Amino acid sequence: MQLQVPAPPDIISGLSYSLFGIVAATAFAIAKLSQRSKLDAIPTVGSSTWLGSWWAGIRFLTNAADIIQEGYEKHKAAPFKVANLNRWMVIVSGRQFLEDICKCRDDELSALEATNDVNNTAVLAEMSCRDGILIQCYQQLLNGEHLVGPEMFRNPYHYPILRSQLTRNLGTLYPDIRDEVVTTFEEILDLKGNEWKSVPALDTVQEVVCRTSNRVFVGLPLCRNPDWVNLNVLFSDDLLKAAMTVALFPRILAPLVAQCLTGVAGGIRRAMKHLHPIIEEGQKYEKYGNRGANQPNNFLSWLMEEAEGSERNVKNLTLRVLFVNFGAIHANIFESQVLYDLAANPQYMQPLREEVESIVESEGWSKDALAKMRKIDSFLKESHRIEGIAFLTLFRRAMKDFTFSDGTVIPKGTFLAFAGQSTHLDSEFYENPDVFDPFRFSNTRAEDGEGLKRQFVSTDPEYLAFGHGKHACPGRFFAATYLKTMLAHIVVSYDIKLEDNIRPPSSYTDIAIMANPRAKVMFRKRAY
């Protein structure tokens, strides 16, 4: 899905939007001018003048990759700044700056404050991908307290649930995860005989991810309810579009815009109709002390156990479920890239099949067996290295003047990010970095014996797909589990190819890297 700013409703006249635009442009200009003088010591990529920086901000929307790469090459391992439409952003790279960011306290450089600012268009662009799940997705989905209320931002108690209970239960839940992957593929593809069938890659993966995630989030039968699946997909898109709409206006207008020009509230009400009876039944178990065997082992139940006060009402519990769905569903962008890479490189199908079949034959399908599939793991990691989900990562906002270890001062209020994709494509860290080498990491694991360090879910200064440090994506272990299961199931069950044998190109908006939303992949039952 290509990230687009939604069209304004017809009810608002062109004159009204012109006035809004003048107010917004004036506010943004004042904000950028007042901030620039504090950042004069940091070199600029592009123009530093008011008019020039405004034009540079527009260019950044369509040419962020080249601008970031230019800064990375000119100022490697040193800070530089780029103009967004409404502010300056400082970009850093290198191990020492990464260490400084990860070591600092949240009252110095804040990830949550960066993501909560509704005018941070770069972060909003990154939101469209994450994904995934992931990929720091859970850090991005808190943006915009005007859209969903401040408690989602002020009390993110679902984070520790994702980190602890979800991760801890993955082994127990794995049979359900695999069952949903297999069942959903069978129902969507509905293959007959030896026929080839062409399906939209993004839509197909989106439904598999949504149903599989909700098998864990809310369980059967709701995870297979077509309306539940549809509303979660639409809500994820609506939330992103709403956040982008709000970002077009000065912060002072955000509450009004959020209420009048977005459809988020309707999606919340629709979801509450599905979850209300489930929540009511679960709370009845709690009231009469009948917890235990009758209580489902899923994310919604864990939320209900941890929620206190007003967080126990249906609306707030529904919001938490919708938000984790937002992260999971946007993982489809990444898994679509994997599907394109597999279909474009059929020579790798056989070694992947041999690995999966050998392990499953001796150990069956389990989370432990999945952990031994090093080539599957490496394929995912390499696909994400080459075609990530964003050019920048590790967004922070300076809560006070902050001094890096090299003496660079970042003034209070400054937005900061790390050049993640440039790092992933740096020949200093990767041999032939522009070449897709799917077994790059599995071969390295065999050579250096550092198996855990080279895993898909592992983060290090040269691989930042899930962020790094204490704010690394808390859902990455769950995401990796179902993504690896999907890839392993595909290679042993199907033959796949592209319609025209050309890998669909990605598209770019601001810092976001988007899988081609219209491309199709052809499936047939595996021909042994």
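In case you missed it, the structure is sitting above this.
Anyway, here's the lowdown on the structure attached to this text.

Here we come to the pattern of salt bridges. The final tally for this structure, using the stated rule, is 26 salt bridges. Two residues, Glu-70 and Lys-74, come together in a salt bridge whose shortest N-O distance is 2.9 Å. Of this pair, Glu-70 and Lys-74 both sit in helix 2 (residues 50-74), separated by 4 residues, roughly a single helical turn. Accessibility expressed as a relative area gives 35% for Glu-70, which makes it partly exposed. One salt bridge connects Asp-176 with Arg-215, and the closest N-O pair in it is separated by 3.2 Å. Of this pair, Asp-176 sits in helix 10 (residues 170-189) while Arg-215 sits in helix 11 (residues 201-217), and the two are 39 residues apart along the sequence. Using a relative accessible area of 30% as the deciding quantity, one classes Asp-176 as partly exposed. Assessed through its relative accessible area of 11%, Arg-215 is described here as buried. Overlapping salt bridges bring together Asp-176, Asp-179, Glu-180, Glu-187, Arg-211, Arg-215 and Arg-224 as one network.

So, about the state of the cysteines. As enumerated under the stated definition, the model contains 0 disulfides in all. Counting only cysteine sulfurs, Cys-102 is the nearest neighbor of Cys-104, a cysteine outside any disulfide, at a range of 8.0 Å. Classification of Cys-104 by relative accessible area gives buried; the value is 4%. Lacking any disulfide linkage, Cys-223 is separated from the closest cysteine sulfur, that of Cys-210, by 9.1 Å.

Here we come to the sheet that holds strand 6 (residues 393-398). Across the sheet, which stays open at both edges, the 5 strands sit in the order 1-2-9-6-3 with mixed pairing between neighbours. The strands lining the two open edges of the sheet, one partner per strand, are strand 1 (80-83) and strand 3 (109-110). The pairing of strand 2 (residues 88-92) with strand 9 (residues 415-418) spans 4 bridges and is parallel. Across the sheet, the residue bridging to Ile-91 is Ala-417, located in strand 9.

What follows covers helix 10. For helix 10, with 20 residues, the first-to-last C-alpha span of 27 Å sits near the 28 Å given by 1.5 Å per residue. At Asp-176, helix 10 is deflected by roughly 25°, the largest bend along its length. For helix 10, the set of buried residues is Leu-170, Leu-173, Tyr-174, Ile-177, Glu-180, Val-181, Val-182, Thr-183, Thr-184, Phe-185 and Leu-189. Once helix 10 ends, the next one or two residues include Asp-190, with phi positive near 45°.

Turning our attention to the packing of aromatic side chains. Counted by the stated rule, this structure contains 14 aromatic pairs. On the basis of an interplanar angle of 80° and a centroid distance of 5.6 Å, the ring pair of Tyr-348 and Phe-439 is categorised as edge-to-face. Here Tyr-348, found in the loop between helix 17 (332-344) and helix 18 (349-363), pairs with Phe-439, found in the loop between helix 21 (420-424) and helix 22 (440-448); they are 91 residues apart in sequence, far enough to count as distant. This pair shows no difference in class: Tyr-348 is buried, exactly as Phe-439 is. Measuring from ring centre to ring centre gives 5.5 Å for Phe-391 and Tyr-508, while their planes differ by 45°; the resulting arrangement is tilted. Of this pair, Phe-391 sits in the loop between helix 20 (374-386) and strand 6 while Tyr-508 is found in strand 11 (residues 507-509), placing the two residues 117 residues apart along the sequence. What makes Tyr-508 partly exposed here is its relative accessible area of 41%. Pairwise contacts between aromatic rings join Phe-217, Phe-299, Phe-478 and Tyr-482 into one cluster. Above the plane of the ring of Trp-88 lies Lys-81, whose end atom (NZ or CZ) is 5.5 Å from the centre.

This paragraph deals with the packing of helix 10 against helix 23 (residues 476-493). At their nearest, the axes of helix 10 and helix 23 sit 10 Å apart, and the two run at 45° to each other. Here helix 10 lies oblique to helix 23, going by the angle between them. For the pair helix 10 and helix 23, the crossing hand works out as right-handed. Counted together, Leu-170, Tyr-174, Ile-177, Arg-178, Val-181, Val-182 and Phe-185 of helix 10 and Phe-477, Phe-478, Thr-481, Tyr-482, Thr-485, Met-486, His-489 and Ile-490 of helix 23 form the full contact between these two elements. Classifying every residue of the contact of helix 10 with helix 23 by side-chain character gives 11 nonpolar, 3 polar and 1 charged.

Scoring rules and cut-offs
- Residue numbering note: each chain is counted from 1, following its sequence as written.
- Where totals are concerned, whole chains, interfaces and linings use all residues; where local detail is concerned, this predicted model gives features only for residues with pLDDT of at least 70, and gives and counts side-chain atom pairs only at 80 or more.
- In computing side-chain values, all of the structure's heavy atoms are included and hydrogens and water are not.
- Salt bridges are identified by distance alone: a Lys or Arg side-chain nitrogen within 4 Å of an Asp or Glu carboxyl oxygen.
- In DSSP terms, a helix is any run of H or I states spanning at least four residues, a strand is any run of E spanning at least two, and both are numbered starting from the N terminus.
- The rule is simple: take the accessible area with a 1.4 Å probe, protein chains only, and divide by the maximum for that residue type; under 20% is buried, over 50% is exposed, in between is partly exposed.
- Only a pair of cysteine sulfur atoms within 2.5 Å counts as a disulfide in this structure description.
- In this analysis, strands are considered paired if DSSP registers two or more bridges between them.
- One less than the number of residues in a helix, times 1.5 Å, gives the span that helix is expected to have.
- Throughout, the bend at a residue refers to the angle made by two axes, fitted to the seven residues ending there and to the seven starting there.
- Between 30 and 60 degrees the pair is tilted, below 30 it is stacked and above 60 it is edge-to-face, where a pair is any two Phe, Tyr or Trp rings, Trp via its six-membered ring, whose centres lie within 6.5 Å.
- Here, a charge over a ring means that NZ of Lys or CZ of Arg falls within 6 Å of the ring centre while also lying within 35 degrees of the ring normal.
- Axes here refer to lines fitted to C-alpha atoms; in helices the fit is confined to the stretch in contact. Angles between the N-to-C directions go from 0 to 180 degrees.
- An angle counts as roughly parallel when it lies under 35 degrees, as roughly antiparallel when it exceeds 145, as roughly perpendicular when it falls between 65 and 115, and as oblique in every other case.
- Working rule for handedness: look at the near helix, and if it is turned counterclockwise from the far one by less than a right angle, call the crossing left-handed; if clockwise, right-handed.
- Only heavy atoms enter the contact rule, under which two residues are in contact if any of them lie within 4.5 Å.
- We call Asp, Glu, Lys and Arg charged. Ala, Val, Leu, Ile, Met, Phe, Trp, Tyr, Cys and Pro are nonpolar, and the rest, Gly among them, are polar.

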